Amino acid sequence: MSRLEEQIDLGVPSEVAWKHLHSVGEYPQFVGGVLDAAAEGESRARLEVARGGGDDASIDTEIADRPQARGATREMAWRTSGTPEISGTCSVLPIDDKHSRVQVRMEYDAGEVREAFGGPKGFAQVSAIERTVRDDLRRFKDLVERER
């Protein structure tokens, strides 16, 4: 399994970031490759994603908020239901009253991701996933900071 951790600081309070993180319908605005997203109850979501080769796929995910860890840090855990097997957490940490940090941690099998979505092999695939997550975080920052 490959592991990835990325973070970004935001110019909004942690409550604003947390609200957007839980707005599944907004995922196509900041998660690369997601064409449509819908919550299915309180703990599931279905994502329609673009795959290499032009066809689309559905990915079902399970989502659970974890009890607050240290201080006012909030954490949402998620994992796909089926292949490709991807799991992770998104944490929102307050920096001060007007700033927060979003931290993403993921575990995934690069081979399964490549088979599911196409793309390069090996290290190139891992680099592409890391770049995608960094880009997703930048788009998330742009989205939440527009609310100011």
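Look up a bit, the structure's there.
Everything numeric here is computed off the predicted structure, so don't read it as measured data.

K.L.:
Quick rundown of the sheet that holds strand E5 (residues 74-80)? Include the residues and the values.
P.N.:
Each strand in a sheet pairs with another by means of backbone hydrogen bonds, the pair being arranged parallel or else antiparallel. If you walk across this open sheet you meet the seven strands as E1-E7-E6-E5-E4-E3-E2, and the pairing is antiparallel. The outermost strands of the open sheet, each flanked by one partner alone, are strand E1 (2-10) and strand E2 (34-39). Here the average twist between neighbouring strands, direction ignored, is 20 degrees. Set on the sheet, helix H1 (residues 14-21) makes contact with E1, strand E4 (56-66), E5, strand E6 (86-96) and strand E7 (99-108); between it and E6 the angle comes to about 160 degrees.

K.L.:
Which residues make up the pairing of E6, and what values go with them?
P.N.:
Examined bridge by bridge, E5 and E6 share six bridges and lie antiparallel to one another. Residue pairing for E6: Ala 77 is matched across the bridge by Thr 89. Strand direction decides the pairing type here: E6 and E7, joined by ten bridges, are antiparallel. Pairing of Gly 88 across the sheet is with Met 106, part of E7.

K.L.:
Describe the packing of aromatic side chains, naming the residues involved and giving the relevant values.
P.N.:
Within this structure, the stated rule accounts for two aromatic pairs. Here Tyr 27 and Phe 30 contribute two aromatic rings whose centre-to-centre distance is 5.5 Å and whose plane-to-plane angle is 65 degrees, an arrangement assigned as edge-to-face. Of this pair, Tyr 27 and Phe 30 both sit in helix H2 (residues 27-30), three residues apart, roughly one helical turn. Each ring, one from Phe 30 and one from Phe 140, has its centre 4.9 Å from the other, and the planes form 65 degrees; the classification is edge-to-face. Of the two residues, Phe 30 is situated in helix H2 and Phe 140 in helix H4 (residues 122-146); the sequence distance between them amounts to 110 residues. Residue Phe 30 is classed as buried on the basis of its relative accessible area, which comes to 7%. Members of the aromatic cluster, connected to one another through ring pairs, are Tyr 27, Phe 30 and Phe 140.

Cut-offs applied
Within any chain, residue numbers begin from 1 and follow the written order of that chain's sequence. With pLDDT at 70 or above as the cut-off, local features in this predicted model cover only qualifying residues; side-chain atom pairs require 80 or more to be listed or tallied, and sums for whole chains, interfaces and linings still use all residues. Side-chain descriptors were evaluated using all non-hydrogen atoms of the structure, hydrogens and water having been removed beforehand. One bridge is not enough; two strands pair if DSSP finds at least two bridges between them. Under the DSSP-based scheme used, a helix requires at least four consecutive residues in state H or I and a strand at least two consecutive residues in state E, with every element numbered from the N terminus. Here the axes come from fitting lines to C-alpha atoms, over the contacting stretch only for helices, and the angles between their N-to-C directions go from 0 to 180 degrees. Any pair of residues with heavy atoms lying within 4.5 Å of one another is described as a contacting pair. Aromatic pairing here means that ring centres of Phe, Tyr or Trp (its six-membered ring) are within 6.5 Å. Orientation follows from the plane angle: under 30 degrees is stacked, over 60 is edge-to-face, and everything else is tilted. Classification of residues uses two cut-offs on accessible area relative to the type maximum, computed with a 1.4 Å probe and protein chains only: under 20% is buried, over 50% is exposed, and between them is partly exposed.

Taken by themselves, the reported measurements are silent on function.
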